[in-house]
Every structure is written in structure tokens, then in C-alpha cells.
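# Structural overview for review
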Amino acid sequence: MPTFERLLFLWGLLALAPQTPSSLPHPAERHYAASCAGCHGPQGEGASGPSLAQAGLERAATEQALFDVIRNGIVGTEMPGTRHFTDEEVRQVADYVRSLGRAAVRAASGNAARGEELVRAKGGCQKCHTLRGRGGSLGPDLTEIGARRSPAYLRAALLDPEAAVPDNFSTYRWVTVIPDNFLQLRVSTRDGRRITGARVNEDAFSIQIRDLDGRHYSFWKDELAEIRKDWGKSPMPSFRKTFSDAELDDVVAWLLSLRGGS
Amino acid sequence: MRRAILALTLAAPLAAQVSYERILRAASEPANWLTYSGGYAGHRHSRLAQITPANVARLKPVWTYQANNLNKFETSPLAIDGVLYISEPPSNAAALDGRTGRPLWFYRRSIPPEVRACCGQVNRGLAVLDDSLFLGTLDAHLVALDLKTGRVRWDTTVADYKLGYSITVAPLAVKDKILIGVSGGELGVRGLIDAYDAKTGRRLWRFWTVPGPGEAGNETWAGDSWKTGAAATWITGSFDPETNLIFWGTGNPGPDYDGDVRQGDNLYSDSLVALDADTGTLRWHFQFTPHDVHDWDSNQVPVLFDKFVATANRNGFYYVLERATGKFLAGREFGKQTWSKGLDDRGRPVVIPNTEPTAKGVMIYPGMHGATNWFSPAYNPNTGTFFVAVREEPTVFFKGPSKYSPGAFFFGGSIRGVRGLEPSGSIKALKAASGELEWQFLMHSPPWGGLLSTAGGLVFGGSAEGYFFALDSPSGRPLWRYPTGGAIFANPVTYVVNGKQHVSIASGHSLFAFAVE
């Protein structure tokens, strides 16, 4: 490689590095900040979206796979596609995401095996959450949670569940087939019954609810006297007093290991 | 022999000619639905009154026809003497027997894989004139089909799809001409409205919605930005025979979210243009959103009544203009909006500072998809009521780099929904002369379906959750609903088959026809 091109190449790498202070960031960095950082964190450390600051990305092992994920999103997750990027921009963002993985990452410090036991026994998490096909359906399925959330986000969610209520409205959708925000409802029927639970689905004329015992209800709205929607509420308790700091580390380590499959 | 004569008699209506005079008087033959909006005035209203608030509870599906493609099914059927003529995604067409829904012919067009359409490979319907149907295609052609057989009469290129042009709009037949617009507002095209000779497919005139150098309005674009100024024309316009004017809405300026590269008002984006029907000459224009940076296309069906043209715009305001001159007469907010303090006495929005997209994102109502969108409003001439499906959904708008490359997306930014904020919607009835609210019916999700008004006293609409429903027009009270099972991205129509009023709407990947049992 001629010297000039090599310099240009090195300059390019520098420009892509996330640590580079610059008053005029590389376009890829601006695209990342606008379209990716909201869920994956400004430095790819992860937030509601998984950390990208790791050497290997599970769903994007190859360059083509990473391109496809950025272009098309991941069906069934909160990851949207980016039809507003040109192919060149997708490639630039992919390079930038790879550069985030080259930064040093602090590994989760807990003991996953101990975490598994805490989740099963002391936490009683499976009363409401499904893990690998077993457990309740009041809250989200956690079987792939390690591939979807960052350690800091999981820890915060355990301490303050209402700061981490699932919500996909930030991802643009033409239509919502099934809402995925586990909205808590209190309804009373015209004949005087009261039901508390999570919304399963809703439209202009009807509403479907699952109560705390997992029973399903379906009402035409004109059968109901009142529908109260508890936005931002979660039936999940805080585990601040249940788990010690060290135990929280263990639980987070176990949750992070949950990446689908069995 | 006797049977043969009977068959001929039954077949005769199939060969009927749909003359310009018939379309001109479409309101007086409500058994048929002869043009996109049911008539040149854009009312989507029918004089049919067999279905009423008293019997609508007995409205039942009589047939369902499944499309052969899984893109959104946005067709607005034409109904001519007992036969429905529809477009199907991506750019196909079919004739369906109105009694059974059975196809009578099918036109299939293969679309080059490199065609780019911003929002799905869709088509909104056909136009008819004499014994031909007209279809705009995703590869930006206009095709004339034999009404009886679906065979191609002519096929003409409107624009080059490699530059980002496509066609999804239903054409409009006026006199001896076929009018057509283009899509491509997210790909830096230069918008246009064309008129073609219905007999030959020869182009008769073209109106560029972005004026070139030396033309009035070109000075509203900084530098060469007019070249990629968009202002696409993807919803069918209206026609006023009295003034001989075509009214047609234009879309967002390009790039969508980055206004820095196109300083100025950006005429004639987000405007209503009034063109001479014979020559395509611009008589007047009215711009709803000067220098738009929120993708608020003004691609809505213009509604003509009295001496006015009215529209409920994607930007959240309802407008009444003088039809002959474009003079602003009245305006009023009809949907939630946070970008403007209101309209000044010339109808220009008083923009609130710091509402334009930024690198960090700015949340604005209405969102990118607007307070309403392309789906049709309806107007009841008996009561002077304007019905509109309203979306209440904010968007976070981001400004990003914009680099034009022919045939590639040219957004200049991006959008995102708002965490924790569930979008909603409604059907609203407005006093047409003022925009004042008469009633509203609350929807759950923001709607994507248009409305149909009938002299029977009903307003039909569709929801994103798949309900096709009827409201009582004076009160907005829901009277009937049918769960179709798919999201509705289409406009309803009504017509008569075998003496019975039918209503029809596309939903999911099917077309449904209903009648009272």
C-alpha cells in the first residue's frame, strides 16, 4: 500500500474510533448517534438494546450479516431497519459498530451459576417470567434477555422495574398487531366486576386482558363501565431489598448468559 | 337460441362505454363508481340510500376476493354495471364479477427488482374512460387496458424508475385525457403531473411541480436544490368543469428532513396546484407548509363544494380556499399539532422556533405520517359536513447528512417513535365551511383507511386493527362493524349489483363486498 493511501487508511480508522474527540464527527458517528445510540448507548455500551462494545456480535458474525441487521432490522425484536441509509452509510455504520467492539469492555463480574439459583429460588422470577419455556406469562419472556439488554440496564430494571417497562413505541411501526408494553389495566364491567391485569390486545371496540392468575378476558368496550390504564406501572417488585449487591451481580451475570436456545 | 339471447343481454353491460359525460354526471348514477373519489369533486359520497342506520346492523359480507400479492392492498375499486375493476399490488389489475367476486380477467405485470418505492409496492386504483382502463405502474409507466379483456392497448413510459420515480396513484380521466402523477418524494425526484391522450398514450402536457431556472418559483430553492426537490404527486386530484381547473396536491420537498440544503419556501412542494385541464398551465398555487422539514406531503384529495376547495392537510390544519383564485378563506387546526402558533390571515403557518429536526432529535405533533394522510376524506353535500380520519402520533425527527445519489433514498435524516407514548386516532366530522368540529369517534390505533359518506346517513371507515365500520353521520355513533382480520389501508366505495346497494373495501390482502341480507 503506498504511503499516502496507508496514511489515508489510518486516518480513516482514527476518524471511526469512538474515542476520537472531534468537533466535526465522522458521518457514521452522526448516524450512529441519531439512529442507534438511543438503544445501544452512545459508546455501544448498551441500554435497552444489547451492548455492541464486544468483540463478537451474535447476530452479526460476518460483515454481510451486520450489514443485513442494520439494513433490515431483526424481526420480532425492537431492532428496526434503516431504510433511510444509503448502502454506503450502512457500511460506514457497520464499520463504526465494529470499532466500538475494539474498545475495552468490562465483563460482568457475577457468578452466573449462583445467579441461576437466585432467580429460581429467592427471586421467584419464573412466577411471572418464562425462562426457556417454563414460567409465567405476566411479564416478558426472558429466554433471550441477555442478547437484548445490557448489564447496566438489567441491573437498573431489577432495582426499579418501572424505569424499564417494555415499550416498543419508540420503534416506528405501520400497525401494531399485538401491543408489547404489558400495559397494566384496571377495568370494571357494567355488571360490577373488577379485573386487574395486563392488556393483551385492544382495538376501538374491544379489549383483551390477562389477570394476575393468568386468566384471559375479552370484552366489548360497551360492556365496560371503566377502563383505567396505568401507564408506566409494573406489577414487578423492586429487588433492592431482596438481593445484596453481590447477589445482584450474580443475577445479572445469569441473565446475560440467557441468549436463546436451551 | 332463447338462452343465447339472454346471455347476450346479460353480457351487454360489460361492453358499456364510460364516456367523459358519464363521469361528469357520476353523482346521478350512484349504482356505479366511475372514478377514484366517486366523482370529480372528490366527495367520496354516494346518493345511494338503501343502507341506513335502521338496517345497517344486517349488513353482511357477500364475498371475499384474495389478492395474489402480500403487499399492502390499497385499491379503491371502480364499479361499472355490476363489475368491479381493481388494481392489486404491485401493479396488477383485475375485473371481478360483482355478484360472486369471481375474477373475469387478470392483468399481471412484472416489476424490475431494482424499483424503489418508499412505502410498499402498492397501487391505489384505476381510471376508466370509454372502453379502456388506465393503470399507473411501479416502474413508472401508464398502461391502457381493454375494459372487457384486460389486454394491453398501449403502454407508455411516464418517467425513469432508475431515477427513483414510481407510480402508485390512481389516474384521473378528464375529457379525452388521462392525468397521472408520480411517487418518489423520498428519492430526490423532480415531481410532475402529466396528461396523456387516452386513445394513443401520447403525452399532451407536463407540469413540473418544481419550477426550473427562469420559471417563477425557482428562486425559492437555493442553488441547484430544485433538481432534487421532489414534490411528488401520488394522490389523485379533483376537477372542476366550471373553471376547467385540475386540483392536485404535491408532496414533501427533498430531502425530507434536512432543510439546510434547500433554503427557501421550496415551491410547489406541500401545495395545492390548480392547472388548466387542457394545457397544464398553472393558474394558482397554495402552499400549506413552506420549507417543510417534517415530510408533510399535501397528497390529499381536494374536496370541491360551493365555490371552494377544501383539504384537511397532513400538517394538522384544515383549509378552505376560493376555488377560482386559491385565496385563503378559512383555516383551523383539526388534529394535534405542536409546530405552529396558527395560520396568519393569508393562511401561512406561524412556525414555532426550534421545531425543525436536529441531530439529537425533536419531538413534534403531527408525526411524520401527519394528522391525516393519503386516505380519502368524505364530504356530505346534503349537510355540508367534511369527514376525515385523523392520526394522533408524534415523531422524533432527526436531521442527518444528505447526499443525493440517483435512484437512492434521500431522506436527510431519520425518524423515531416516542417511548411510552401510544399513538391513537379518530374519525372527525367538521363543518366544511369553517373546519369547526361537529363530532369525533375515537379509534384505538391511528387509522390508515379512508371514509365513504352515503345519503343513507352513514359514514363508512376502516381501522388499523381491521374493523370495517359504519357510523351514524349526524352523531358519529358506531352502528355496525365487521372484523376483517387484516389492517385496512384503503378507501371504501359503494355501488349496486342486482338492484342491491353494496359497500366494498380492501383489507389485509383481501377485498370484501357487503350487502344487507
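Residues numbered from 1 in each chain as written. Chains lettered and ligands numbered in written order. Predicted model: local features only at pLDDT ≥ 70, side-chain atom pairs only at ≥ 80, totals over all residues. Heavy atoms only, no water.

## Some points on the nonpolar core
Put simply, the rule is: Here, nonpolar core refers to any group of buried Ala, Val, Leu, Ile, Met, Phe, Trp, Tyr and Cys residues whose side-chain atoms link them within 4.5 Å. Each residue gets one of three labels from its accessible area relative to the maximum for its type: buried under 20%, exposed over 50%, partly exposed in between, using a 1.4 Å probe on protein chains only.
Membership of the largest hydrophobic core comes to 56 residues, with the highest contact counts inside it found for B:Y85, B:L133, B:F134 and B:V158. Formed by 32 residues, the second largest nonpolar core is a distinct cluster that contains B:I86, B:F460, B:V503 and B:F512.

## Notes on the sheet that holds strand β18 (residues 282-287) of chain B
Residue and element names in this part refer to chain B. Stated formally: Whether two strands pair comes down to DSSP finding at least two bridges between them. In this text, helices come from DSSP runs of H or I with a minimum length of four residues, and strands from runs of E with a minimum of two, each type numbered from the N-terminal end. Lines fitted to the C-alpha atoms define the axes, with helices restricted to the stretch that makes contact. Angles between their N-to-C directions range from 0 to 180 degrees.
A sheet is described by the order of its strands in space; here four strands give the open sequence β15-β16-β17-β18, paired in antiparallel fashion. Edge positions in the sheet fall to β15 (238-240) and β18, since each of these pairs with one other strand and no more. Looking at each pair of strands side by side, their axes are set apart by 20° on average, direction ignored. Direction of pairing for strand β17 (residues 271-276) relative to β18: antiparallel, over a ladder of five bridges.

## Considering the domain arrangement of chain A
The figure often quoted for interface size is the accessible area lost as the parts come together. Let me state the cut-off plainly: An automatic or database domain assignment supplies the residue ranges for each domain.
Per the domain assignment, the segments of chain A are domain 1 (26-101), domain 2 (112-161 + 239-257) and domain 3 (184-230). One C-alpha centre belongs to domain 2 of chain A, the other to domain 3 of chain A, and the line joining them spans 29 Å.

## Some thoughts on unusual backbone geometry
Residue and element names in this part refer to chain B. Cis geometry marks the peptide bond from L267 to Y268; its omega dihedral reads -5°. For the bond from Y365 to P366, the omega torsion is -10°, close enough to zero to count as cis. Relative to the assigned elements, P366 resides in the loop between β25 (362-364) and β26 (378-380). Non-glycine residue D130 carries a positive phi angle of around 55°. Counting through the fold element by element, D130 comes out in the loop between β7 (127-129) and β8 (132-136).

## A word on the interface of chain A and chain B
Test applied: Contacts between residues were defined by any pair of non-hydrogen atoms, one from each residue, lying within 4.5 Å. The term buried area means the drop in 1.4 Å probe accessible area that two parts suffer when joined, counted for both and summed. When a carboxyl oxygen of Asp or Glu is within 4 Å of a side-chain nitrogen of Lys or Arg, the pair counts as a salt bridge. In the analysis that follows, any N or O atom pair within 3.5 Å is treated as a polar contact, provided that within protein one partner can donate a hydrogen and the other can accept it, and provided that, for residues neighboring in sequence, both atoms belong to side chains. In this count, Pro and Cys sit with the nonpolar residues alongside Ala, Val, Leu, Ile, Met, Phe, Trp and Tyr, while Asp, Glu, Lys and Arg are called charged and the others, Gly among them, polar.
Contact residues are listed per partner, giving 28 residues for chain A and 37 residues for chain B. With both sides pooled, the region where chain A packs onto chain B buries about 3,100 Å², and carbon together with sulfur makes up 57% of that total. Three residues stand out in chain A for area buried against chain B, namely A:R83, A:W174 and A:F205, and they jointly supply 25% of the buried area on that side. Counting across the chain A and chain B interface gives one salt bridge. Here B:E422 and A:R199 are joined by a salt bridge, their closest N and O atoms 2.4 Å apart. Run the count over chain A and chain B and you get four residue pairs in polar contact (both at pLDDT 80 or more). Sorting the residues of the side of chain A that touches chain B by element identifies α2 (27-35) and β4 (194-202) of chain A as the ones contributing at least two each. Here the side of chain A that touches chain B is composed, by residue class, of twelve nonpolar, eight polar and eight charged.

## Quick word on the state of the cysteines
In a disulfide, the sulfur atoms of two cysteines are covalently bonded to one another. Rules: Throughout, a disulfide means two cysteine sulfur atoms within 2.5 Å of one another.
Throughout the structure, instances matching the rule amount to one disulfide over all chains. Across the disulfide, B:C118 is cross-linked to B:C119 (sulfur-sulfur distance 2.1 Å). Residues B:C118 and B:C119 are joined through a disulfide that is left-handed, its torsion about the S-S bond being -100°. Classification of B:C118 by relative accessible area gives partly exposed; the value is 24%. On the basis of relative accessibility, which here comes to 26%, the residue B:C119 falls in the partly exposed class. A:C36 takes part in no disulfide bond, and the closest cysteine sulfur, belonging to A:C39, lies 9.1 Å away. Judged by its relative accessible area of 13%, A:C36 is buried. Here A:C125 stays free of any disulfide, with the sulfur of A:C128 as its closest cysteine sulfur at 8.8 Å. Residue classification places A:C125 among the buried residues on the basis of a relative accessible area of 12%.

## A few points about helix α6 (residues 112-120) of chain A
Residues and elements named next belong to chain A. Threshold: In this description, one arc is meant: the one made by directions from the helix axis to the C-beta atoms.
Every buried residue of α6 is accounted for by G115, L118 and V119. Axial view of α6: buried residues confined to an arc of 100°, hence all on one face. Away from its buried face, by an angle of more than 90 degrees, α6 presents the exposed residues A113 and R120. In this fold, the buried residues of α6 make contact with β1 (130-131) and α9 (245-257). Sitting at the head of α6, N111 places a side-chain oxygen 2.9 Å from the backbone nitrogen of A113.

## What to know about the sheet that holds strand β38 (residues 510-516) of chain B
Residue and element names in this part refer to chain B. Overall, antiparallel pairing links the four strands, which are arranged β2-β38-β37-β36 in an open sheet. Only two strands of the sheet have a single partner each, and these edge strands are β2 (59-66) and β36 (493-497). Averaged over all pairs of adjacent strands, the angle between strand axes in this sheet comes to 30°, irrespective of strand direction. With five bridges joining them, β36 and strand β37 (residues 500-507) adopt antiparallel strand pairing. The residue bridging V493 from the neighbouring strand is S504, located in β37.

## Focus on the packing of helix α4 (residues 63-72) of chain A against helix α5 (residues 87-101) of chain A
Relative placement of two packed helices is described by the angle separating their axes and the distance separating the axes. All names here are of chain A. Let me state the cut-off plainly: Each angle is binned into one of four classes, with values under 35 degrees roughly parallel, values over 145 roughly antiparallel, values of 65 to 115 roughly perpendicular, and all other values oblique. With the far helix as reference, a near helix turned anticlockwise by less than a right angle produces a left-handed crossing, and one turned clockwise produces a right-handed crossing.
α5 packs onto α4 with a crossing angle of 115° between their chain directions and a minimal axis gap of 9 Å. As far as their axial angle goes, α5 and α4 are roughly perpendicular. The two elements α4 and α5 meet at a crossing, and its hand is right-handed. Counting all contacts with α4, which are made through E63, L66, F67, I70 and R71, the residues of α5 involved are D87, V90, R91, V93, A94, V97 and R98.

## Description of helix α8 (residues 151-159) of chain A
Residue and element names in this part refer to chain A. Restricting attention to buried positions, one finds in α8 the residues Y153, L154, A157 and L158. Projected down its long axis, α8 carries its buried residues within an arc of 135°, all on one side. Along its buried surface, α8 packs onto α7 (145-148) and α9.

## Quick look at the pattern of salt bridges
Side-chain pairs of opposite charge can arise whenever the charged atoms involved come near each other. As enumerated under the stated definition, the model contains 41 salt bridges over all chains in all. Measuring nitrogen to oxygen at the nearest pair gives 3.2 Å for the salt bridge that ties B:K177 to B:D176. With relative accessibility at 9%, the residue B:K177 sits in the buried group. Taken together, the shared-partner salt bridges connect A:R199, A:E202, A:K221, A:K229 and B:E422 into one network.

## Details of the environment of B:R124
All names here are of chain B. Residue placement: R124 occurs in the loop between β6 (103-107) and β7. According to the relative accessible area criterion, R124 is buried, its value standing at 5%. At 2.7 Å, the side chain of R124 and the side chain of T168 are in polar contact.

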